Amino acid sequence: MKKILLSLTGALMTLASVEAQEEITLTGKQLFGDLKARQIGPALMSGRFIDLEAHPTNNRILYAGAAGGGVWKTENGGASFEPVFDEHAQSIGAIEIDPTDPDKTVWVGTGEIWTRNSVSLGDGLYKSTDGGATWKNVGFENSERISAIVINPENNQEMYVAVLGALWSDSEERGIYKSTDGGSSWEKVLYTDTATGAADLIMDPENSNVLYASMWKFRRTPWGFDSGGATSGIFKSTDAGKTWNKIQNGIPEGDLGRIAIALAPSEPTILYAAVETASEKTNGLYKSTDAGASWEHLNNDFGLTVRPFYFARLVVDPKNPDIVVKGGLSGSLSRDGGKTFTDLGYQHSDIHDIVFDLKDSDRMFTATDGGVYRSWDGGATFEMVEDLPVSQFYQVSVDDATPYNIYGGLQDNGSWYGPSASPGGIEARDWDRIGEGDGFRVLKHPTKPYIYSEMQGAQVVWRYNPERNQTKNVAPQPEGDEKLRFNWNAPMALSAHAPDRFYMGSQYLHKSEDMGDTWVKISPDLTTNDPKKQELESGGLSLDKSGAETHTTIFTIAESPLDENIIWVGTDDGNVQLTQNGGKTWTNLVENIPNLPANTWVYHIEASVHNKGTAYAVFDGHATGDMNTYVYKTTDFGKTWNSLVTDEIKGFARNIQEDYESEDLLFLGTEFGLFITVDGGKHWSHFTNNLPPVAVHYIELQKQTSDLVLGTHGRGVIIIDDISPLRQINQDVLAEELHFFETPAGIIDESSGFGSTSTETQFVGPNPSKQAKIMYYLKKRHTFGKMTMEIRDMEGNLIAEPAPGKSKGLNIVLWDQLKKAPKVAVGKIPSFVAAPKAEAGTYKVIITKGKDTYEHSIRVENDPNTTLSEADRKAQRELTQRLFNDVEDLAYLGYRIDHWVEQLEGVESKKATKALEELTALKKTLVITTGDRYVQEAESELREKLSELYNNVAGAFEKPAPVFYRNAETYEAQIKNAWETYSKIEKKYLETINEEIQKAEKEPVTFKTKEDFLAE
């Protein structure tokens, strides 16, 4: 029996020990708390928009779907737009407004349908029943791309969805689907095979049983594209989708590619089709005037036939069947039924969709690679919508300026750099262009005024000196007949050891020691050099070899920040190469990586700042249809690798960033947003605080500020300011009831100015907060009892009382580094006075939570750029305090007068009447008692003059001017005189009047002490 008891006791002790050591895990918003992203745009170059959808009866409402930036809505006719889809996949394929319930019911099909190399993915069909305020995913999660949604205008329970489907692989989930219960269930009604998707779908507005669909066979690989096949074509149903017939009469036989179709809303027997065929002669625009029974070939202009995979949208004027517009490089407009076309007016090239105003066809909107444009003159001229920050960055980098600058390249919008903060916010004027075409990697020389940028495929590599406004092409050049293979997104890297050292990758690693003036190859061909993936004709029926299909190339370069001889290289065909002797010998390590499919694109390698042998590798297999996440870490120079992937990560990955201080803190960018781990990859959390699930293509960490900078492919640059508290999270911290994090010192910013020149319709990126941060962790959310926060100086004086955060996890409270403002005398109109600034020094933060008290120290420092001497600062501070006391002294006098006047109301005696008259006359000399600050402006009295003087002194960072001291003496003398006058009135009347009040059995006039009054 004794043994049993001992065993049981031991077991309980063991269990208690296990429980005591149980790991605490925080995820999501509990981990990140009040840490929020800051979306800074820019919007001046905007980004690619896919689909426009106009409200059927209200021409002030329009929805715009972006390639990677979500859904945007305007309710003021396009003057400004707001995002309405930020919780969901940001790649949009189609938007449809329910014609029977247009103010409330909206559908969105996700997944871009203009199938270039850099398109993002969707995750299904969404429905909103409140005009876009909230959304619900209602199916088609594996569709990848939805091209059209059609709703019966007489019965919204009957609707259709066209699924284009997978771009990089076969898919069963293609074709036309029909619902008869408003989207609750679906039946596939048109399907050909796993390689052919539904590219377009329209319904006859006068007969909902009549439908037209275009089917398209297509496939993209990392090294090519194939458009067209026998299964492509136009199909028609006259029985609400039960049966379909392929339209042949007049449409070319044989293999067909992508086909855009449209009918004339005002005359639905007229149809147009832009058809991709195998011949330039038969390519182009076809027209039917008998509901598709026969077709006539009208036009094969270049603008109608160029890049069908990218431009396949036809739109007919809702009132005039002869006006038709085709998307394209410049857009094509016909006013004679398709016989002749002219370009649309000047706007960003690559037009993907067009919408006519229902009431005025001269008013048009277009969706382009550079944003949304609008026209009021039938497409002759256009202006850009300036508040759509959906720019598509491929890469970003930062410098160490104050504030630091962000550099990056954009899809079809060149390369740019701009500040992380700017007076009044980050405006369009703050961004400078430093490259053309498709911009990719942009790097700032660490010590000289040079910026490297590139155009697609390293066609040009600019070394730009912004001080002299001079550029030089420093791209590595082939020797003799040698051919260099540069990726569309060619890799560039700068050395951490030699500032003039510059790396680029083709199939070889190139190194320059003189900023690109001369180059040497320091490697053999590091790719698989597979000839099957090189120099293939691409495009299928329409040849399209833009350079984006150049394959078997180096894609990522990482020189170790700890050893210049250690260089990691990753290729787009799956090789991970390492040299430990500066390029003399190389080792391919990919065979050491477990569970990685062969030839998977090496998208990024991160060389550790903590250990020479440590590196991270991110692989992206989506271009072969593999949507899995691949992230690995090695600590032994690639001999062994461990996967860091957990089920918490969503989407294939493109980039990883290691924290510079905590090796366990990692940031991962995927197709669906940012994921963060604080424990070396054991657990990952999706960061969603003001960060949509947008494709994150690149991540940088600014060392001086600890800001995480994201280059997103659809929502521009996004910054998470100061991630330093994440470095401090560990099991000891998580076990505490409340834990304060160490934070950088708050800076008393001395800058001032006017900033913004933007208009109401232009986007302005927000600046980071300049306030001091108080960051702490709460083990549990505070729900019951009192919780307060005080900031006191080291002598215990109360300085400020910010409201504390009470959420479980990370809380961030901002202190504006101001003390309490002085109490001001009450007048007819308010008088505004500034709070005095706290002095530089150490302050105590005290949180009282129920019976428990927690203390922490924070630092406040003067602006490092100050020009103010300590003597002048002391003088300014002393005069501020002196005037502060004067303002409160006047306030107390005003209180005594007001209180006495209030008590005298209703007292009927000669002395009371006389006292009231004298007190009122005195009050008029102290504060404004008439006017309304606008049309009845009153003369300033003592309070107003004193407040203005106080504000001038307290708000400045300079030695007070002599006139300020003279005015202070003048106003102090007036205050003294006012007190003397008041004292005479009080002495003359108060005692007698109190006797009268007491006889009337009322409370006598008494006053709060000055201390009690000011403490209120």
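Right, let's walk through the structure included here.

Definitions and cut-offs
Residues numbered from 1 in each chain as written. Predicted model: local features only at pLDDT ≥ 70, side-chain atom pairs only at ≥ 80, totals over all residues. Heavy atoms only, no water. Helix = DSSP H or I, 4+ residues; strand = E, 2+ residues; numbered from the N terminus. Buried < 20%, exposed > 50% of the residue type's maximum accessible area, 1.4 Å probe, protein only. Contact = heavy atoms within 4.5 Å. Areas by Shrake-Rupley, 256 points an atom, 1.4 Å probe, with all protein chains shown as cover. Lys, Arg positive; Asp, Glu negative; His and termini not counted. Charge placed at Lys NZ, Arg CZ, Asp CG, Glu CD. Salt bridge = Lys/Arg side-chain N within 4 Å of Asp/Glu carboxyl O. Pairing = 2+ DSSP bridges. Axes fitted to C-alpha atoms, helices over the stretch in contact; angles between N-to-C directions. Expected span 1.5 Å × (residues − 1). 1 Å grid on protein atoms, 1.4 Å probe; cavity = no way out; pocket = protein on both sides within 12 Å on 5 of 7 lines; lining within 4 Å. Points joined across faces, edges and corners; volume = space filled by probe spheres on them. Nonpolar A, V, L, I, M, F, W, Y, C, P; charged D, E, K, R; others polar. Left-handed = near helix turned anticlockwise from the far one by under 90°.

A word on the overall build of the protein. Along its length, the protein carries 10 helices and 66 strands. Taking all 1016 residues of the protein together, the buried fraction comes to 57%. Intrachain contacts of the protein at a sequence separation of at least 6 include 56% that bridge at least 24 residues. Here the protein has roughly 42200 Å² of accessible surface; of this, 48% comes from carbon and sulfur atoms. Of note, the protein has its 101 positive side-chain charges centred 5 Å away from the centre of its 148 negative side-chain charges.

Tallied over the entire structure, the rule returns 46 salt bridges. Residues R48 and E112 are paired through a salt bridge, measuring 2.7 Å at the closest nitrogen-oxygen approach. In this pair, R48 sits in the loop between β1 (37-41) and β2 (49-54) while E112 sits in the loop between β7 (106-110) and β8 (125-128), placing the two residues 64 residues apart along the sequence. Like R48, the residue E112 is buried in the burial classification.

The buried fraction of strand β44 (residues 554-559) amounts to 6 of the 6 residues, a majority that puts the element mostly inside the structure. Sheet analysis places β44 next to strand β45 (residues 567-571), joined by 5 bridges and oriented antiparallel. Each bridged residue has a counterpart across the sheet, and for A558 the counterpart in β45 is W568.

Reading across the sheet, the 4 strands line up as β6-β7-β8-β9 and stay open at both edges, with antiparallel pairing between neighbours. Sheet topology places β6 (92-97) and β9 (136-139) at the edges, where each strand pairs with a single neighbour. Ignoring strand direction, the axes of neighbouring strands in this sheet form an average angle of 25 degrees. Across 5 bridges, the pairing between β6 and β7 is antiparallel. Residue E96 lies in a different strand from β7, and its bridge partner there is W107.

The end-to-end C-alpha separation of helix α7 (residues 910-926) is 25 Å, in line with the 24 Å expected for 17 residues at 1.5 Å each. If you follow the buried residues of α7, they end up packed against α6 (870-904), α8 (942-954) and α9 (962-999).

Going through the model one piece at a time under the given rule, you end up with 5 cavities of 30 Å³ or more. Lining the largest cavity we find 20 residues, and of these N117, S118, W488, W601 and Y603 sit closest to its centre. Its residues assigned to classes, the lining of the largest cavity shows 10 nonpolar, 7 polar and 3 charged.

Before going further, it helps to examine the side chain of R943. Summarising the element assignment, R943 is placed in helix α8. Setting aside its immediate chain neighbours within four residues, R943 contacts V824, A825, V826, G827, I829, P830, S831, L890, L926 and V927.

So, about unusual backbone geometry. Cis geometry marks the peptide bond from G41 to P42, where omega comes out at 5 degrees. Within the element layout of this structure, P42 appears in the loop between β1 and β2. Backbone torsion omega between T402 and P403 reads -10 degrees, so that peptide bond is classified as cis. With phi around 65 degrees, N599 is a residue other than glycine that occupies positive phi space. Exposure remark for N599: the relative accessible area of 38% places this residue in the partly exposed category.

A word on the packing of α8 against α9. Running from amino to carboxyl end, α8 crosses α9 at an angle of 145 degrees, the nearest separation of the two axes being 11 Å. In the crossing of α8 with α9, the sense of the turn from one axis to the other is left-handed. Residues L942, K945, L946, L949, N952 and V953 of α8 form the contact with α9, whose participating residues are F964, N967, A968, Y971, Q974 and I975. The residue inventory of the contact of α8 with α9, partitioned by class, reads 8 nonpolar, 3 polar and 1 charged.

Overall, antiparallel pairing links the 4 strands, which are arranged β52-β53-β54-β55 in an open sheet. With one partner strand each, in any of the chains shown, β52 (653-658) and β55 (685-687) form the two edges of the open sheet. Going across the sheet, the axis of each strand differs from the next one's by a mean of 30 degrees, ignoring polarity. The pairing of β52 with strand β53 (residues 666-670) spans 5 bridges and is classified as antiparallel. Bridging from a neighbouring strand, Q657 pairs with F667 of β53.

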